[in-house]
Amino acid sequence: QKPVPQPLWALKRFPDALRSARWWILGAAALIIVSALSVFLFRELSLKEPGPEVISPENISKLSEVRVLEHSDKVSVKVSVVAFSGDGRHLASGSSGGQILLWEVETGAQIRVVGYHRGGVLSLDFSADGKRLLSGGFESKARLWDVSTGELIYELDGKHGVIFFVAMSHDGKMGLSGGESYAVLWDLETGKAIYRLNEAAVVGGVFRPDLKTAVVAYNSDILGLWNLSTGKMVRKFDGGGKPGIDNADARDVALAPDGETVFGLWETSCIVVWNSRTGEEDPCWTHSAGNQLALSPLGTVMATAGKGAVSLTDVHTGTEIRRLAAHGTASQDVAFSPNGKTIATSGSDKTVRLWRISE
């Protein structure tokens, strides 16, 4: 029997090598999936079974100020907006002077100036991975920034006047900007407008987790649920004729963790709870303050900023449980960190203040 030539032997062994490599690849893929799932479960369980440091109605009395971050630009008269990154490590703040600053939450260190809006900044939203920041203000242009460098990625000119709010979808592919005339849905991968959502002023909005719909608040007495594929409203809450909000303007909107329950804030200090899937609604809650609205990650505490203070409300009862008065004549904005352990507030004293539970 003649010996098998080396090249032919190598070819005969190739399927074995291929099978071995395939098992290595499958094993590595499985390890990646298990690791990602572990991180996901850790985050989910840490919120579903929160420790004593997570802000809740039960421990709200222990909430105290832990850090003050100061805007030093001379032209600012207030810090108008704050937003946490998805991992909670960073905070962005925008001022009436137009600066957007990036902060390290744990140390309070100012990292860099991320961007600028002439006339002032009114809204900020991070991508889920924290790498990009969407901003809007007293111009008709929203802007998408690279957080690590401060470089402008896209200028989104919707020609819809002052931009009251911006929002990014959970996958980072779409953006919303609401202005004096209408809202615009953006493709953030190309910087192109997909379409206008309506022909009226929109003051607040949020993507639902399904990435198929979004909830918006009009500068009127209406909340709307929009189908993002068609650009059509599929359900709405109309405050017309309802006590406390008839002919009043909505100011902001937030979405509960279930992805369906909507909290709408009205200029009359009224909170409306509306189920965007069924259309069911709760009676108006009277409220003490606010033009800006935020909901804790567990959906148990609601915060509103304005009229000299930040008001914290127990979502289950609709009653105010704490007031944070630390910004002089006016509190401008409020945000919860994604892990529910920190609240950021901003105001007319040119500062951002961070609050946590202390023993």
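To keep things clear, this report deals only with the structure shown in the data block. Every value quoted in this text rests on a predicted model; they were computed, and no experiment measured them.

## A short note on the side chain of serine 85
Within the secondary structure, serine 85 is located in the loop between β2 (79–84) and β3 (90–95). Given a relative accessible area of 1%, serine 85 falls into the buried group.

## As for the sheet that holds strand β19 (residues 261–266)
The antiparallel open sheet is built from four strands, whose spatial order is β18-β19-β20-β21. The sheet is open, and its two borders are formed by β18 (250–255) and β21 (285–286), each paired with just one other strand. Bridge count for β18 against β19 is five bridges, and the pairing is antiparallel. Of the residues in β19, the one forming a bridge with alanine 254 is phenylalanine 263.

## Concerning unusual backbone geometry
In this model, lysine 159 sits at a positive phi of 50 degrees, which is unusual for a non-glycine residue. Its place among the elements puts lysine 159 in the loop between β9 (152–157) and β10 (163–168). Classification of lysine 159 by relative accessible area gives exposed; the value is 60%. Notably, serine 269 is not glycine yet its phi reads approximately 65 degrees, a positive angle. For serine 269, the position within the fold is in the loop between β19 and β20 (270–275). Residue serine 269 is classed as buried on the basis of its relative accessible area, which comes to 11%.

## Some thoughts on the pattern of salt bridges
Applying the stated rule across the entire model yields 14 salt bridges. Between arginine 143 and glutamate 155 there is a salt bridge, and its shortest N-O distance comes to 3.0 Å. Placement of the pair is arginine 143 in strand β8 (residues 141–146) and glutamate 155 in strand β9, with a sequence separation of 12 residues. Judged by relative accessible area, which is 9%, arginine 143 ranks as buried. Between aspartate 349 and arginine 353 there is a salt bridge, and its shortest N-O distance comes to 3.0 Å. Judged by its relative accessible area of 25%, aspartate 349 falls in the partly exposed class. Taking relative accessible area as the criterion, arginine 353 reaches 15% and is therefore assigned buried.

The rules behind these values
- Residues numbered from 1 in each chain as written.
- Predicted model: local features only at pLDDT ≥ 70, side-chain atom pairs only at ≥ 80, totals over all residues.
- Heavy atoms only, no water.
- Helix = DSSP H or I, 4+ residues; strand = E, 2+ residues; numbered from the N terminus.
- Buried < 20%, exposed > 50% of the residue type's maximum accessible area, 1.4 Å probe, protein only.
- Pairing = 2+ DSSP bridges.
- Salt bridge = Lys/Arg side-chain N within 4 Å of Asp/Glu carboxyl O.

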